[in-house]
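Notes for the structure review
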Amino acid sequence: MKTAKTAASTGSPKGMGSQRRINITGWLFILVPVLAISLFYFYPMIQALILSFKSGRGMNLDFVGFDNYIRLFQDSNFITAVKNTFIYLIIQVPVMLVLAIFIAVLLNDDNLKFKGFFRTAIFLPTVTSLVAYSVVFKYMFGGDGIVNKMLMNFHLISEPIQWISDPFWAKVTIIIAITWRFTGYNMIFYLSSLQNIDKSVYEAARIDGANAFTQFFKITIPLLKPMILFTTITSTIGTLQLFDEVVNITKGGPGNSTMSISQYIYNLSFEYTPDFGYAATVSYSIVVMVIILTLIQNKIGGDKK
């Protein structure tokens, strides 16, 4: 009788009205963030896409179709920026992720003392101001900076290395800087994944005679595969958007030997004669690169189905 009574009350106009109010309240909670995201994310993205088909000086822009996109392949500065960015990507991302995995495995050891201190110390660069740490690196790697002084004191070099003014060493400086800052960020992801792996898996492997090396490559790496894919994608996106380190350490120099794509977008908008249409086109080239690289990484590292 209670069940029938409950069903009847639920189907009553009063019950239906109460349910309708709950539904409306839920939609109102969703509506606010949806409107905010649409206003501050999707609307600017659509406007930037429309802008990429225009060209001109200042606000006097004319529709030029795909001329800006054709110009990309003929722009030597853009090609140089893409080459530089992909050098950072190909070298820095694998090195950073390998370091992050290695450090995470070390910090996951139950016998390690002061784990909290080490985890905080390695993660701390992540929350450091981009501009502040870039300026510090600029002075550290200067001709008379502390890095050259230490290398000369240890007799590893006979004369100072031109870290900032030499094209090769300037790229090395940028790679060292972004590796220092973001290794701890990725380490936290790996560490959280390692702590979710059942210890009995490693105990069973040890009983079967597997050494630490075998456990790492046969157990740890396969179980970290989803997180490795995630950090690879996020690190790729971050490197393609590299800006602060290049601007504050080398200013894209010497010449354009360290200029990134994001710095070139800034230069097109504010340093050179403003060409916002072409700057938007270069911006969307990053979007295309991110989509292509993400699809490739998902194809290579994703689960085979």
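The structure this text deals with has already been given above.
Figured I'd write up the structure that's included with this text. Fair warning: this is a prediction, and the values are worked out from it, not measured in the lab. (Residues numbered from 1 in each chain as written. Predicted model: local features only at pLDDT ≥ 70, side-chain atom pairs only at ≥ 80, totals over all residues. Heavy atoms only, no water.)

1. Brief notes about the environment of Gln263
Threshold: Only DSSP runs of H or I covering at least 4 residues are called helices, and only runs of E covering at least 2 are called strands; the numbering of each starts at the N terminus. Residue contacts are defined here by distance: any two heavy atoms, one from each residue, within 4.5 Å place the two residues in contact.
Looking at where Gln263 falls in the secondary structure, it is placed in helix α13 (residues 261–271). Between the C-alpha atom of Gln263 and that of Ala177, which follows or precedes it by 86 residues, the distance is 17 Å. Ignoring any residue separated from it by four or fewer positions in sequence, one finds Gln263 in contact with Leu242, Phe243, Val246, Val247, Lys251 and Gly252.

2. Structural notes on the packing of aromatic side chains
What counts, and what does not: Only Phe, Tyr and Trp rings take part, Trp by its six-membered ring, and two of them pair if their centres are within 6.5 Å. Stacked means planes under 30 degrees apart, edge-to-face means over 60, and tilted covers everything else.
Scanning all chains against the criterion turns up 19 aromatic pairs. Members of the aromatic cluster, joined through ring pairs, are Tyr133, Phe137, Phe141, Trp163, Phe168, Trp169 and Trp180.

3. Describing a nonpolar patch on the surface
Worth spelling out the cut-off: Patches draw on residues past 30% relative accessible area with no salt bridge. Two like charges within 9 Å are joined, as are two nonpolar side chains (Val, Leu, Ile, Met, Phe, Trp, Tyr) within 5 Å. For every accessible area listed, the method is Shrake-Rupley and the probe measures 1.4 Å; residues are considered covered only by the protein chains on display. A side-chain nitrogen of Lys or Arg and a carboxyl oxygen of Asp or Glu constitute a salt bridge if their distance falls within 4 Å. Only protein chains enter the calculation, and the probe is 1.4 Å; a residue is then buried if its accessible area is under 20% of its type maximum, exposed if over 50%, and partly exposed in between.
Together, Ile37, Leu39, Phe40, Tyr41, Phe42, Met45, Ile46 and Ile50 line one region of the surface with nonpolar side chains, adding up to about 850 Å² of accessible area. One can find Tyr41 in helix α2 (residues 13–51). Tyr41 gets classed as exposed once you look at its relative accessible area, which sits at 55%.

4. Some details on helix α8 (residues 167–194)
The criterion, for reference: Expected helix span is given by 1.5 Å per residue-to-residue step, counting one fewer step than there are residues. Note that the bend at a residue is defined as the angle between axes fitted to the seven residues ending at it and the seven residues starting at it. By the criterion applied in these results, polar contacts are pairs of N or O atoms within 3.5 Å in which, for protein atoms, one can donate a hydrogen and the other can accept it, and in which residues neighboring in sequence qualify only through two side-chain atoms.
The terminal C-alpha atoms of α8, which comprises 28 residues, lie 39 Å apart, in line with the 40 Å expected from a rise of 1.5 Å per residue. Along α8, the largest kink reaches about 35 degrees and is centred on Phe182. Near the N-terminus of α8, the side chain that reaches the backbone nitrogen of Phe168, with its oxygen 3.1 Å away, is that of Asp166.

5. Digging into the packing of helix α9 (residues 199–207) against helix α10 (residues 212–223)
Convention followed: Helix axes are fitted to C-alpha atoms over the stretch in contact, other axes to C-alpha atoms as well, and angles between N-to-C directions run from 0 to 180 degrees. Working rule for handedness: look at the near helix, and if it is turned counterclockwise from the far one by less than a right angle, call the crossing left-handed; if clockwise, right-handed.
Running from N to C, α9 and α10 cross one another at 145 degrees; their axes reach a closest spacing of 11 Å. At the point where α9 passes α10, the crossing takes the right-handed sense. On the side of α9, the interface is formed by Val201, Tyr202, Ala205 and Arg206, while α10 contributes Gln215, Ile219 and Thr220.

6. Considerations on the side chain of Ser193
Mapped onto the fold, Ser193 is located in helix α8. The residues touching Ser193, leaving out its near neighbours within four places in the chain, are Leu224 and Met227.

7. Observations concerning the nonpolar core
What counts here: We call a set of buried residues a nonpolar core when its members are Ala, Val, Leu, Ile, Met, Phe, Trp, Tyr or Cys and they connect through side-chain atoms within 4.5 Å of each other.
Counting 36 residues, the largest nonpolar core has Phe78, Met187, Tyr190, Ile261, Tyr264, Tyr278 and Val282 as its most contacted members. Broken down by secondary-structure element, the contributors of at least two residues to this core are α4 (76–107), α8, α9, α11 (225–240), α13 and α14 (276–301). Sort the elements by how many residues they give to this core and α4 lands first, with 12 residues. With sequence-adjacent residues up to four places away left out, Ile261 is seen in contact with Ala81, Val82, Thr85, Val282, Ser285, Ile286 and Met289.

8. So, unusual backbone geometry
Leaving glycine aside, a negative phi is the common case for residues, and trans is the common case for peptide bonds. Cis geometry is adopted by the peptide bond preceding Pro254, which originates at Gly253 and carries an omega value of -5 degrees. With respect to the element layout, Pro254 can be found in the loop between α12 (244–250) and α13. Even without being glycine, His155 reaches a positive phi, approximately 60 degrees. The residue His155 is located in the loop between α7 (146–153) and α8 in this model. The backbone of Lys251 sits at a positive phi, close to 55 degrees, despite the residue not being glycine. A relative accessible area of 60% places Lys251 in the exposed class.

9. A look at the packing of α4 against α11
Rule in force here: Three classes are used: nonpolar for Ala, Val, Leu, Ile, Met, Phe, Trp, Tyr, Cys and Pro, charged for Asp, Glu, Lys and Arg, and polar for all others, with Gly counted as polar.
In contact at an axis separation of 10 Å, α4 and α11 are set at 145 degrees when each is read in the N-to-C sense. Judged by the twist between their axes, the crossing of α4 over α11 is right-handed. Where α4 approaches α11, its residues Thr85, Phe86, Tyr88, Leu89, Gln92, Val93, Met96, Leu97 and Ile101 are matched on the opposing element by Ile228, Thr231, Thr232, Ser235, Thr236, Thr239 and Leu240. A per-class count over the contact of α4 with α11 returns nine nonpolar, seven polar and no charged.

10. Thoughts on the pattern of salt bridges
Taken as a whole and judged by the stated rule, the model has two salt bridges. A salt bridge links Asp275 to Arg71, with the nearest nitrogen and oxygen atoms 3.1 Å apart. Separated by 204 residues along the polypeptide, Asp275 in the loop between α13 and α14 and Arg71 in helix α3 (residues 67–72) bring together distant segments of the chain. Judged by its relative accessible area of 4%, Asp275 is buried. The partner of Asp110 in a salt bridge is Lys199, and the shortest N-O contact between them spans 3.9 Å. On the criterion of sequence distance, the pair formed by Asp110 in the loop between α4 and α5 (115–123) and Lys199 in helix α9 is long-range, its members being 89 residues apart.

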